[in-house]
Amino acid sequence: MKTIVITGGAGFIGSHVVRRFVNNYPQVKIINLDALTYAGNLANNEDIAGKENYQFIKGDITDLEFITKFFDEYKPDGVIHLAAESHVDRSIRDPFSFIKTNILGTVNLMNAAKNLWGSNVADKRFYHVSTDEVYGSLGETGYFMEDTSYDPQSPYSASKASSDHFVRAYHNTYGFPVVISNCSNNYGPNHFPEKLIPLMIHNIQENKPLPVYGKGENIRDWLYVEDHAAAIDVIYHRGKTGETYNIGGENEWKNIELVTFLCQLMDKKLGRDLGTAEKLITYVTDRAGHDMRYAIDAKKLREELGWRPSVTFEEGLEKTVNWYLNNREWLAAVTSGEYQHYYESYYSKL
Ligand code: NAD
Ligand code: DAU
């Protein structure tokens, strides 16, 4: 039986990737390796927890001794690496944890895999899941292509860019069998409510202010999380070693337009008068170094591997809102404790 380790599988995107691989590849053992930081939540894996080809291991990718023992014991054939510190605002406050997890953690994993696999890499693969933020910020026109120069602007994106460089360096120097993807903003079920869409859904439910940074004119390219998981599946199995693939929804929204659209949808779903949620919109101090626009050109992935998004933004957003309304206990659990402390200390200063 082949073994694939998925790191960060208890987080937002990782949990969708784990579910997809466990269900689609019953002949492959899937190990979810996750440290269960504030962003990791085993409730995200509840539905597949009892499956025979699934195992959860709690572990920290920054702990080299643990990672070395883990690779010796489980001898994985493949790694899909999603574990990371992922929130830009947190990276502005504490860059060091991003350096540690995103750079050191990635190199620890690659080194352990390199030591295990040696030169015997024909059927081995290290898939590094990265972000479009490594390319920096776009003006009003243009798109991020796979060969766009790196120009990261936040401590988060600088740490992800650095990890991408290490992944390419391992391929170039040691012939290490890597593949990389850089994806745009995801949304969907299980998204931690520090990020724009779930934060707004949560605050609308609670009748709390909706904090829009600056003038709300920044643009993001949104992709439904299950479509990202599908792209990862295709790239893991059919992508070319050493290559990079950009993944995006080709679905650009100005923040304020997105928030307004979400307000209208939530009013409808909650049976409130149209316009109720919009009154909660509150412009707050802009994010430091706020990237203006991200937009992916996903032509390579579409043309070479035949992937395309399966849902429109309207469908995906409705599925997302329905999920949050049907899973209020999930939201209540993750918004107590650490989240409350973070929310109050961050937003009270804006
Ligand atoms: P997330 O913050 O929801 O989840 C991260 C997961 O990693 C959590 O389960 C956490 O417990 C785990 N983790 C953190 N530090 C760890 C450590 N030291 N050892 C082991 N596990 C650890 O993140 P996400 O939004 O699901 O993003 C997953 C990956 O996808 C990240 O690499 C991110 O850079 C990338 N990405 C995210 C987006 C997005 O829109 N969210 C878009 C493109 C790329
Ligand atoms: O582009 C991919 C990236 O998308 C991923 O690599 C990151 O892990 C992920 O967090 C996301 O980064 P963003 O910074 O774009 O996402 P966030 O949800 O934090 O913010 C989206 C936009 O909304 C951004 O322009 C900032 C704005 N915003 C965000 C929050 C949390 C607000 O206006 N108010 C808010 O309260």
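In short, a report on the structure.

Cut-off values and rules
- Residues numbered from 1 in each chain as written.
- Chains lettered and ligands numbered in written order.
- Predicted model: local features only at pLDDT ≥ 70, side-chain atom pairs only at ≥ 80, totals over all residues.
- Heavy atoms only, no water.
- Helix = DSSP H or I, 4+ residues; strand = E, 2+ residues; numbered from the N terminus.
- Buried < 20%, exposed > 50% of the residue type's maximum accessible area, 1.4 Å probe, protein only.
- Contact = heavy atoms within 4.5 Å.
- Areas by Shrake-Rupley, 256 points an atom, 1.4 Å probe, with all protein chains shown as cover.
- Lys, Arg positive; Asp, Glu negative; His and termini not counted.
- Charge placed at Lys NZ, Arg CZ, Asp CG, Glu CD.
- Near = heavy atom within 4 Å.
- Polar contact = N/O pair within 3.5 Å; in protein donor to acceptor, adjacent residues only side chain to side chain.
- Nonpolar A, V, L, I, M, F, W, Y, C, P; charged D, E, K, R; others polar.
- Phe/Tyr/Trp six-rings, centres within 6.5 Å; stacked < 30°, edge-to-face > 60°.
- Lys NZ or Arg CZ within 6 Å of the ring centre and 35° of its normal.
- Pairing = 2+ DSSP bridges.
- Axes fitted to C-alpha atoms, helices over the stretch in contact; angles between N-to-C directions.
- Salt bridge = Lys/Arg side-chain N within 4 Å of Asp/Glu carboxyl O.

## Regarding the overall build of the protein
Here is step 1 of the chain: A count of helical and extended segments in the protein gives 12 helices and 12 strands.
Here is step 2 of the chain: The dimensions of the protein, computed from C-alpha atoms along their principal axes, are 65 × 45 × 40 Å.
Here is step 3 of the chain: Here the protein holds 350 residues, and the buried ones make up 59% of them.
Here is step 4 of the chain: In the protein, of all internal contacts separated by at least 6 residues, the share reaching a separation of at least 24 is 82%.
Here is step 5 of the chain: When the accessible surface of the protein is summed, it comes to about 14800 Å², and 50% of that surface belongs to carbon and sulfur atoms.
Here is step 6 of the chain: Of the charged side chains in the protein, 36 are positive and 46 negative, and the gap between their average positions amounts to 2 Å.

## Some remarks on the site of ligand 1
Here is step 1 of the chain: Around ligand 1, a shell composed of 29 residues is seen, among which Ile-13, Asp-34, Ser-86, Tyr-156 and Lys-160 lie nearest.
Here is step 2 of the chain: Ile-13 places a polar main-chain atom, nitrogen or oxygen, 2.8 Å from an oxygen atom of ligand 1.
Here is step 3 of the chain: Interatomic distance of 2.7 Å between a side-chain N/O atom of Lys-160 and an oxygen atom of ligand 1.
Here is step 4 of the chain: Ranked by residue count, the leading element in the shell around ligand 1 is strand 5 (residues 125-131), at 3 residues.
Here is step 5 of the chain: Class assignment for the residues of the shell around ligand 1 results in 13 nonpolar, 13 polar and 3 charged.

## Points about unusual backbone geometry
Here is step 1 of the chain: A positive phi is found at Lys-75, a non-glycine position, where the angle reads about 40°.
Here is step 2 of the chain: Topologically, Lys-75 is positioned in the loop between helix 2 (64-74) and strand 4 (78-81).
Here is step 3 of the chain: One non-glycine residue, Asn-190, lies in the positive phi region at around 70°.
Here is step 4 of the chain: Along the chain, Asn-190 falls in the loop between strand 7 (185-187) and helix 6 (196-205).

## Digging into the packing of aromatic side chains
Here is step 1 of the chain: By the definition in use, this model includes 28 aromatic pairs.
Here is step 2 of the chain: Here the aromatic rings of Tyr-135 and Tyr-150 are separated by 5.6 Å at their centres, their planes lie at 85°, and the arrangement is edge-to-face. Placement of the pair is Tyr-135 in the loop between strand 5 and helix 5 (155-174) and Tyr-150 in the loop between strand 5 and helix 5, with a sequence separation of 15 residues.
Here is step 3 of the chain: Assessed through its relative accessible area of 4%, Tyr-135 is described here as buried.
Here is step 4 of the chain: Ring-pair connections join several aromatic residues into one group, and the members of that group are Tyr-38, Phe-192, Tyr-213, Tyr-339, Tyr-342, Tyr-343, Tyr-346 and Tyr-347.
Here is step 5 of the chain: Above the face of the Tyr-294 ring, Arg-220 is positioned so that its terminal group lies 3.9 Å from the ring centre.
Here is step 6 of the chain: The positively charged end of Lys-300 is found above the aromatic ring belonging to Tyr-245, 4.6 Å away from the centroid.

## Here we look at the environment of Gly-11
Here is step 1 of the chain: Mapped onto the secondary structure, Gly-11 falls in the loop between strand 1 (2-7) and helix 1 (12-24).
Here is step 2 of the chain: Measuring from C-alpha to C-alpha, the distance between Gly-11 and His-191 comes to 8.1 Å, with 180 residues separating the pair along the chain.

## Quick look at the sheet that holds strand 7
Here is step 1 of the chain: One open sheet holds the 3 strands; their spatial order is 7-9-11, and the pairing between them is mixed. The outermost strands of the open sheet, each flanked by one partner alone, are strand 7 and strand 11 (252-254). Each strand of the sheet is rotated relative to its neighbour by a mean of 50°, with strand direction disregarded.

## Brief notes about the pattern of salt bridges
Here is step 1 of the chain: Enumeration according to the criterion identifies 14 salt bridges in this entry.
Here is step 2 of the chain: Here Asp-77 ties to Lys-124 by a salt bridge, and the two come within 3.8 Å at their closest N and O atoms. Within this pair, whereas Asp-77 is found in the loop between helix 2 and strand 4, its partner Lys-124 is found in the loop between helix 4 (95-117) and strand 5, the two being separated by 47 residues in sequence.
Here is step 3 of the chain: For Asp-77, a relative accessible area of 16% gives the class buried.
Here is step 4 of the chain: Note that Arg-293 is salt-bridged to Glu-252, the shortest N-O span being 2.7 Å.

## Thoughts on the sheet that holds strand 1
Here is step 1 of the chain: Spatially, the 7 strands line up as an open sheet ordered 3-2-1-4-5-6-10, and their pairing is parallel. Each end of this open sheet is capped by a strand with a single partner; those strands are strand 3 (54-58) and strand 10 (244-247). Geometrically, the sheet is characterised by an average inter-axis angle of 20° between neighbouring strands, direction not taken into account.
Here is step 2 of the chain: Bridge analysis of strand 5 against strand 6 (residues 178-183) gives 6 bridges, and the strand direction is parallel. Counted as the bridge partner of Val-129 is Ser-181 from strand 6.
Here is step 3 of the chain: The strands that helix 4 touches are strand 1, strand 4 and strand 5; relative to strand 5, the one it contacts most, it runs at about 165°.
Here is step 4 of the chain: Strands strand 1, strand 4, strand 5, strand 6 and strand 10 of the sheet are contacted by helix 7 (residues 225-238), whose axis makes an angle of about 145° with strand 5.

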